[in-house]
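Here is how the chains run, residue by residue.
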Amino acid sequence: MASLRLLSTDFDGTLIGPSGEGCPEALAQILVEHHRQGGLWAVNTGRGLEHILEGLEDFSAPVIPDYLLVNERAIYRREGELWESHEEWNRTCRKRHDELNGLAGGFFGWVKEMADASDHTITIVYEDELPAGLITSDENMMEEVVLRVAEAARDVPGFAFQRNSIYMRFCHRDYHKGSSLRELCRMENLSPEEVFAVGDHFNDTSMLDGTHAGMTACPANAIEAVKETVRRAGGYLSEASWAHGVAEALRYYERRTSGRESTCA
Ligand SMILES: [Mg+2]
């Protein structure tokens, strides 16, 4: 088994739980050791850049990530104190979404009508004056919205969405956590066997299906769809929740990696 060179970790519901607890000691030790050995860490999140930087400050990890993959599609690389846009990818990403938005006028009109008729149980999130996604009052409402949006957007070429709890982000189907991770691996010349990915919700499944990360995991609090994805990929389902579960999974893969290496030696 190849060594673990890149960690791709979701943030909300994976590194931090509802109590907002900071980085536990067990995970802190692993991150420090991984960093010391030259390993890379990418936080692969649905949050925007400013929002994840705030979250990371509260999380107080002992090392700073090397990459932030934000909004489930844009890539930023750490350059000292700064976060530099990976423009080759981000520019194309923006262009594809501009094209998608140009095709989605009718769908956006339908979304506004749906939200207006929802008695405040559906709220549209706007970016640059266009609907970028929506928030529902609870998960049951989101279940219903998922079906309605999938039906209404059927005729918009390339349209997809990312779902995370009560949040939905509209996107081009080629851009998600999995494709962002694939691009990061291309940049760093890494094969899937060298990559670990962990997440807890629907928007994580594209990086947990075994395609882009050979070592996959989910904390115990992950939703069933994620557990099933990780199970099918031959990954590790932690018994512990949130960051404690991430540490547990990383220890598991460390044991497997070192065990195989010592066997081969
Ligand atoms: Mg999450």
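What counts as what
- Residues numbered from 1 in each chain as written.
- Predicted model: local features only at pLDDT ≥ 70, side-chain atom pairs only at ≥ 80, totals over all residues.
- Heavy atoms only, no water.
- Helix = DSSP H or I, 4+ residues; strand = E, 2+ residues; numbered from the N terminus.
- Buried < 20%, exposed > 50% of the residue type's maximum accessible area, 1.4 Å probe, protein only.
- Phe/Tyr/Trp six-rings, centres within 6.5 Å; stacked < 30°, edge-to-face > 60°.
- Donors = N, O, S within 2.8 Å, 3.2 Å for Na, K, Ca; no water.
- Right-handed = clockwise from strand over helix to strand, strands pointing away.
- Pairing = 2+ DSSP bridges.
- Expected span 1.5 Å × (residues − 1).
- Arc of directions from axis to C-beta.
- Contact = heavy atoms within 4.5 Å.
- Polar contact = N/O pair within 3.5 Å; in protein donor to acceptor, adjacent residues only side chain to side chain.
- Domains from an automatic or database assignment.
- Buried area = accessible area lost by both parts, 1.4 Å probe.
- Salt bridge = Lys/Arg side-chain N within 4 Å of Asp/Glu carboxyl O.
- Nonpolar A, V, L, I, M, F, W, Y, C, P; charged D, E, K, R; others polar.

## A closer look at unusual backbone geometry
Positive phi is not limited to glycine here, since Glu 72 has a value of about 60°. Mapped onto the fold, Glu 72 is located in the loop between β3 (67-70) and β4 (74-79). Positive phi values are uncommon outside glycine, yet Trp 242 reaches one of about 45°. When you line up the elements, Trp 242 lands in helix α8 (residues 242-264). Its relative accessible area of 31% is what places Trp 242 among the partly exposed residues.

## Digging into the packing of aromatic side chains
Under the defined criterion, the tally for this structure stands at 11 aromatic pairs. For the ring pair Phe 107 and Phe 108, a centre distance of 6.0 Å and an interplane angle of 50° mean the geometry is tilted. Here Phe 108 falls in the buried class, since its relative accessible area comes to 6%. With a centroid separation of 5.3 Å and 75° between ring planes, the pair formed by Phe 107 and Phe 170 is classed as edge-to-face.

## Looking at the coordination of the magnesium ion
Protein coordination at the magnesium ion: the donors are Asp 10 (OD), Asp 12 (O) and Asp 200 (OD), at 2.1 Å from the metal. Positions of the donor residues of the magnesium ion along the chain correspond to the pattern D-x1-D-x187-D. Of the two residues, Asp 10 sits in the loop between β1 (6-9) and α1 (25-36) while Asp 200 sits in the loop between β10 (195-198) and β11 (215-218), which places them 190 residues apart along the sequence. For the pair shown, Asp 10 and Asp 200 are each scored as buried.

## Considering the pairing of strand β2 (residues 40-44)
For β2, a buried count of 5 out of 5 residues is recorded, marking the element as mostly surrounded by other parts of the structure. Burial along β2 is two-sided: Leu 40, Ala 42 and Asn 44 and Trp 41 and Val 43, pointing in opposite directions, are all buried. This β-α-β element, β1 to α1 to β2, shows right-handed connectivity. Bridging between β2 and β3 involves 3 bridges; their strand directions are parallel. Residue pairing for β3: Asn 44 is matched across the bridge by Leu 69. Remark: the β2/helix α2 (residues 49-59)/β3 crossover connection has right-handed handedness.

## With respect to helix α5 (residues 139-152)
Its 14 residues place the ends of α5 20 Å apart at the C-alpha level, agreeing with the 20 Å of an ideal helix rising 1.5 Å per residue. Burial in α5 covers these residues: Met 141, Met 142, Val 145, Val 146 and Val 149. Looking straight down α5, one finds its buried side chains confined to an arc of 145°; they lie on one side. Facing away from the buried surface of α5 by more than 90 degrees, the exposed residues are Asn 140 and Leu 147. Looking at the packing, one finds that the buried side of α5 touches α4 (105-116), β6 (122-127), β7 (130-136), β8 (159-164) and β9 (167-172). For α5, the N-terminal cap is Asp 138; the gap from its side-chain oxygen to the backbone nitrogen of Asn 140 is 3.1 Å.

## Section: the domain arrangement of the protein
Annotation of the protein at the domain level lists domain 1 (6-72 + 176-264) and domain 2 (93-172). For domain 1 versus domain 2, the separation of C-alpha centres amounts to 27 Å. Of the roughly 710 Å² buried where domain 1 meets domain 2, counting both sides, 41% is carbon and sulfur surface. Remark: the boundary between domain 1 and domain 2 carries 1 salt bridge. One salt bridge connects Glu 72 with Arg 169, and the closest N-O pair in it is separated by 2.8 Å. Seen at the junction of domain 1 and domain 2, the total is 5 residue pairs in polar contact (both at pLDDT 80 or more). Split by residue class, the side of domain 1 that touches domain 2 holds 1 nonpolar, 5 polar and 1 charged.

## Digging into the pairing of β1
Side chains Leu 6 and Ser 8 of β1 all project onto a buried face; the interleaved residues Leu 7 and Thr 9 project onto the opposite face, where all are buried too. Strand direction decides the pairing type here: β1 and β2, joined by 4 bridges, are parallel. Each bridged residue has a counterpart across the sheet, and for Thr 9 the counterpart in β2 is Val 43. Pairing geometry for β1 and β10, over 4 bridges, is parallel. What sits directly across from Leu 7, in β10, is Phe 196.

## Observations regarding the pattern of salt bridges
Where charged atoms from two side chains of opposite charge approach closely, those side chains can pair. Summed over all chains, the structure comprises 21 salt bridges. The partner of Glu 33 in a salt bridge is Arg 36, with the nearest N and O atoms 2.7 Å apart. Placement of the pair is Glu 33 and Arg 36 together in helix α1, with a separation of 3 residues, close to one helical turn. Put simply, Glu 224, Glu 228, Arg 231 and Arg 232 are held in one network by salt bridges that share partners.

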